[in-house]
Amino acid sequence: MIPIRSALARPFTDIRRLIGGILVSSIPIIHLTSLGYFLRCATQTTEKLPAWNQPIYLWMQGLQASIIIAIYHIPVAILFFVLSRFALPTALGIMMAVINIVTLAATWYTFPAALTNFAQNGWRAAFSPVQLRRTIVSNIYAKYWVCGMIIVTVGTYGGGLLAQLPPTLWILRLLILGSSFFIVGVIFWTLIGSAREYGR
């Protein structure tokens, strides 16, 4: 299992791969390749960045991962639709809002484990209650997930602030957002993959 400090340092263990990841992450649609690469980081939990090979395979992995994430968010979308489209009594509306928040939190807690299962064992594993439970009930998974979410929040907010540039500097803005996306993604998925390995 990789220590948290090693996960934090992992994006910077290979500058060439880091620069490649930033460039790929800065291009819309192509950035799905980075999501596939994050799954590689989750399944190859060494202290160094994995290789940037098989780009088409990584892109397809990223596309499939996006579909799995969307499927996991369907219950949240349905609840949000009901809350926004129908005038519910106050008590019922509050209860539905609480249920929606709990469902969203459960979704965000669960889908990273689902994606690492998918990366290891295919689509069926992403929705297997047995395999999911084996990972998400682990104290290490909970600890690493909380740490990862803190990093995602800080990195996303920080990247967004730094990207507040004039429209004429749109290339620099894309590079800043790509840097934040890639660095945060590598750290988060390294933590999730390491926790999953521990819980197997």
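In case you missed it, the structure is sitting above this.
Only a predicted model underlies this, so the values are computations on that prediction, with no experimental measurement involved.

Enquirer: Teacher, can you tell me more about the nonpolar core here?
Expert: One recurring pattern in soluble globular proteins: nonpolar side chains tend to sit buried together. With 37 residues, the main nonpolar core has Tyr37, Leu115, Phe182, Val186, Trp189 and Leu191 as its most contacted residues. For this core, the secondary structure elements donating two or more residues are helix 2 (15-25), helix 3 (32-43), helix 4 (55-72), helix 6 (90-121), helix 9 (139-162) and helix 10 (170-199). The contact partners of Phe182, leaving out residues within four places of it in the chain, are Arg17, Leu18, Gly21, Ile22, Ser25, Ser34, Tyr37, Phe38 and Trp52.

Enquirer: What's the story with the pattern of salt bridges in this structure? I'm lost.
Expert: Between side chains of opposite charge, a pair can form when the charged atoms approach closely. Enumeration over the complete set of coordinates arrives at one salt bridge. Of the charged contacts in the structure, one is a salt bridge between Asp14 and Arg17, with a shortest N-O distance of 3.6 Å. We classify Arg17 as partly exposed; its relative accessible area is 28%.

Enquirer: How should the packing of helix 3 against helix 4 be read in this particular structure?
Expert: How two helices pack is summed up by the angle between their axes together with the distance between the axes. Helix 4 packs onto helix 3 with a crossing angle of 90° between their chain directions and a minimal axis gap of 6 Å. Judged by the inter-axis angle, helix 3 sits roughly perpendicular to helix 4. Together, Leu32, Thr33, Leu35, Gly36, Tyr37, Leu39 and Arg40 of helix 3 and Pro55, Tyr57, Leu58, Trp59, Gln61, Gly62, Leu63, Ala65 and Ser66 of helix 4 make up the contact between the two elements. A breakdown of the residues in the contact of helix 3 with helix 4 according to their chemical character gives ten nonpolar, five polar and one charged.

Enquirer: I keep staring at helix 3 and nothing clicks. Help me out?
Expert: Residue pairs spaced three or four apart in an α-helix point in one direction, given the helix's 3.6 residues per turn. Between the first and last C-alpha of helix 3 there are 17 Å, a value that for twelve residues agrees with the 16 Å anticipated at 1.5 Å per step. Among the residues making up helix 3, those that are buried are Leu32, Thr33, Ser34, Leu35, Gly36, Tyr37, Phe38, Leu39, Arg40, Cys41 and Ala42.

Enquirer: Would you mind going over unusual backbone geometry with me for this structure?
Expert: Most peptide bonds take the trans form, and the phi angle of most residues other than glycine is negative. Residues other than glycine seldom take positive phi values, yet Ile29 does so here, at roughly 75°. Summarising the element assignment, Ile29 is placed in the loop between helix 2 and helix 3. The backbone of Gln54 shows a phi angle near 50°, a positive value even though the residue is not glycine. Within the element layout of this structure, Gln54 appears in the loop between helix 3 and helix 4. Classification of Gln54 by relative accessible area gives partly exposed; the value is 49%.

Rules used in this analysis
- Residues numbered from 1 in each chain as written.
- Predicted model: local features only at pLDDT ≥ 70, side-chain atom pairs only at ≥ 80, totals over all residues.
- Heavy atoms only, no water.
- Core = buried A, V, L, I, M, F, W, Y, C linked by side-chain atoms within 4.5 Å.
- Buried < 20%, exposed > 50% of the residue type's maximum accessible area, 1.4 Å probe, protein only.
- Helix = DSSP H or I, 4+ residues; strand = E, 2+ residues; numbered from the N terminus.
- Contact = heavy atoms within 4.5 Å.
- Salt bridge = Lys/Arg side-chain N within 4 Å of Asp/Glu carboxyl O.
- Axes fitted to C-alpha atoms, helices over the stretch in contact; angles between N-to-C directions.
- Parallel < 35°, antiparallel > 145°, perpendicular 65-115°, else oblique.
- Nonpolar A, V, L, I, M, F, W, Y, C, P; charged D, E, K, R; others polar.
- Expected span 1.5 Å × (residues − 1).

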